[in-house]
Each structure stands twice: as structure tokens, then as C-alpha cells.
Amino acid sequence: MSINIWTLAWLTPGAYLLGSLPFSVWLGKLFLKKDIRKYGDHNPGAANVFIAGNIAIGMAVVLLDIGKGMPFILLAHKMGLSHADAVIVGLAAILGHAFSPWLGFHGGKGVATTYGVLIAMWHPAWLFPFCVAAILGLLIWESHTWVILLTPVETIVFMILVNAGWLAIIFMLCVQALFIFKYASNISGPPRLRYTLRKRLLPNR
């Protein structure tokens, strides 16, 4: 038990520090000669790299942000830590991205790194419903903000229905709380269906 505690004690800050690396800002300055925080919603995330005008660098940032959520969880599994311990490590990586010491404890919104954590967890009742909810959300909701905010909600509902366990639900509630905190300023009204869906479902409106 004490060995696991000490292992968790260095994996958690390690995951946080790796998660905190602001690849979008660094690659934006290195390759685009731009501060991507001056674009879009001024968030240090991959979306604003795309807005700044480079798809290739944007995709590189997405992959790096996903990737930095994975290594320390894989180490936690390899070193025999419990699933609960791996969740703590994963949340540390996400929080590192969202509150980076490199950016004065500001940071991105944590979506890509959350995907990386879920991939490293590799639990079907966690990863797949989150991905399906996100894809369906993109098809249904007009606002990307509401897609992100509703994806954890829908995932939690699925987890309850399949009895995925309290650990899964607690993890997703933490993700939900972070997304609400990060996206609150982007909310401009209630969720709205895409125009094509509204036209089909509510033809007289």
C-alpha cells in the first residue's frame, strides 16, 4: 500500500506537469509567429490555431494535447496502481492543461486531453459513450459549446443505465464541472437544434 501511495505521489504531479505544456501557444509562436490567444475566443487551445490559419499545426496540437493525457495513466497501470489511482492521475493531466503554470495558471478547456485520458483508461463504458455523445452532439446541436457541455451529461446517463460504477460517474462529473467552468462565458442562450433539424421537426416555426 505504501509503495502505491509513493508511486501515486510522483505520477500525479508528473501528469499535471505534462498536461500543463501549452503546445498550442508554443507551436503557434514557433511556426506561425502568432500568439494564438489573440484569435477566436482567446483560449490557448487547438481551435484557435486553426483559426489563426494553419490546419497542419492545428492537427499537430490536437494530437499532442490528446497524447499528453496518456503516458502517466499507462505508467500507473503498468506499475500496478488501481483504477481509482489512475483516475486521479488522469484528472491531474486534465487540470494541468486547464490551469497551466506556464500560462499563469490559465489554460485550455481540456477537451482533447480528456480524450487522451479516456483512451489510456481504455474502458468501453467510459470512452465509447463519450465519443458517441460528442459525435451525435455535433450532428444535433447548433452550438459547439453545448455539444461539449452536454457530452458528459449524456455519458453519465449511459453510465448509470449500464451500471458502470461510482468511479466512472465521479470522473465524468469532475469533467463536467471543469467544462462548465471553462465554457460558462461562451454560453449565449439555451441549446438549439441545428437549422436543418429544426426545419424538419418544426416546419411551421
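One structure accompanies this document, and this report is about it. (Residues numbered from 1 in each chain as written. Predicted model: local features only at pLDDT ≥ 70, side-chain atom pairs only at ≥ 80, totals over all residues. Heavy atoms only, no water.)

Overview of the overall build of the protein chain
Of the regular secondary structure elements, the protein chain holds 11 helices and 0 strands. Across the protein chain, helices and strands are ordered from the amino to the carboxyl terminus as α-α-α-α-α-α-α-α-α-α-α. Taken against the 2.2 N^0.38 rule, which gives 17 Å for 205 residues, the C-alpha radius of gyration of the protein chain at 18 Å falls within 12% of a compact globule. Seen through its C-alpha atoms, the protein chain measures out along the principal axes to roughly 65 × 50 × 25 Å. Accessible area of the protein chain: about 11000 Å², with a carbon and sulfur share of 72%. Across the protein chain, the centroid of the 15 positively charged side chains sits 8 Å from that of the 6 negatively charged ones. (Helix = DSSP H or I, 4+ residues; strand = E, 2+ residues; numbered from the N terminus. Rg over C-alpha atoms; globule rule 2.2 N^0.38 Å. Areas by Shrake-Rupley, 256 points an atom, 1.4 Å probe, with all protein chains shown as cover. Lys, Arg positive; Asp, Glu negative; His and termini not counted. Charge placed at Lys NZ, Arg CZ, Asp CG, Glu CD.)

What to know about the nonpolar core
Trp 126, Phe 171, Met 172 and Phe 179 are the most contacted members of the largest nonpolar core, which has 42 residues in total. Listing elements by their share of this core, those giving two or more residues are helix 1 (2-19), helix 5 (71-78), helix 6 (83-98), helix 7 (111-121), helix 8 (124-140), helix 9 (144-161) and helix 10 (166-183). Not counting residues within four places of it along the chain, the set of residues in contact with Met 172 comprises Leu 118, Phe 130, Pro 152, Thr 155, Ile 156 and Met 159. Counting 10 residues, the second largest nonpolar core, distinct from the first, contains Val 25, Leu 32, Val 49 and Ala 52. (Core = buried A, V, L, I, M, F, W, Y, C linked by side-chain atoms within 4.5 Å. Buried < 20%, exposed > 50% of the residue type's maximum accessible area, 1.4 Å probe, protein only. Contact = heavy atoms within 4.5 Å.)

Here's the deal with helix 9
Helix length check: helix 9, at 18 residues, gives a terminal C-alpha distance of 26 Å against a target of 26 Å (1.5 Å per residue), a fit within 8%. Taken as a whole, helix 9 carries its principal kink of about 30° at Leu 150; the proline Pro 152 stands between one and four residues after it. Taken as a whole, helix 9 has its buried residues at Thr 145, Trp 146, Val 147, Ile 148, Leu 149, Leu 150, Thr 151, Pro 152, Thr 155, Ile 156 and Met 159. Buried positions along helix 9 lie against helix 7, helix 8 and helix 10. By the N-cap criterion, in which a side-chain oxygen at the helix start approaches the backbone nitrogen of a residue two or three places on, helix 9 is capped by Ser 143, the distance to Thr 145 being 3.2 Å. Looking one or two residues past helix 9, Asn 163 carries a phi angle of roughly 55°, positive in sign. (Expected span 1.5 Å × (residues − 1). Bend = angle between axes of the 7 residues up to and from the residue. Polar contact = N/O pair within 3.5 Å; in protein donor to acceptor, adjacent residues only side chain to side chain.)

Side note on the packing of aromatic side chains
Considering all chains together, one arrives at 7 aromatic pairs under this definition. Arranged with centres 6.4 Å apart and planes meeting at 90°, the rings of Phe 23 and Trp 26 form a pair that is edge-to-face. With Phe 23 and Trp 26 both in helix 2 (residues 23-32), this residue pair falls 3 residues apart, about one helical turn. An angle of 75° between the planes, with centres 5.8 Å apart, marks the rings of Trp 122 and Phe 128 as edge-to-face. (Phe/Tyr/Trp six-rings, centres within 6.5 Å; stacked < 30°, edge-to-face > 60°.)

Some points on the pattern of salt bridges
In total, this model carries 4 salt bridges according to the counting rule given. The residue Arg 37 makes a salt bridge to Asp 35 at a minimum N-O spacing of 3.0 Å. What makes Arg 37 partly exposed here is its relative accessible area of 28%. Lys 109 is the salt-bridge partner of Asp 41, the closest N and O atoms lying 2.8 Å from each other. Of this pair, Asp 41 sits in the loop between helix 2 and helix 3 (46-52) while Lys 109 sits in the loop between helix 6 and helix 7, and the two are 68 residues apart along the sequence. By relative accessible area, which is 37% here, Asp 41 ends up partly exposed. (Salt bridge = Lys/Arg side-chain N within 4 Å of Asp/Glu carboxyl O.)

Some points on the packing of helix 6 against helix 7
Where helix 6 contacts helix 7, the axes come no closer than 9 Å and their chain directions differ by 160°. Here helix 7 runs roughly antiparallel to helix 6, going by the angle between their axes. Relative to helix 7, the crossing made by helix 6 is right-handed. Taking contact as the criterion, the partners of His 83, Ala 86, Val 87, Gly 90, Ala 93, Ile 94 and His 97 in helix 6 are, on helix 7, Thr 113, Thr 114, Val 117 and Met 121. Per-class residue counts for the contact of helix 6 with helix 7 are 6 nonpolar, 5 polar and no charged. (Axes fitted to C-alpha atoms, helices over the stretch in contact; angles between N-to-C directions. Parallel < 35°, antiparallel > 145°, perpendicular 65-115°, else oblique. Left-handed = near helix turned anticlockwise from the far one by under 90°. Nonpolar A, V, L, I, M, F, W, Y, C, P; charged D, E, K, R; others polar.)

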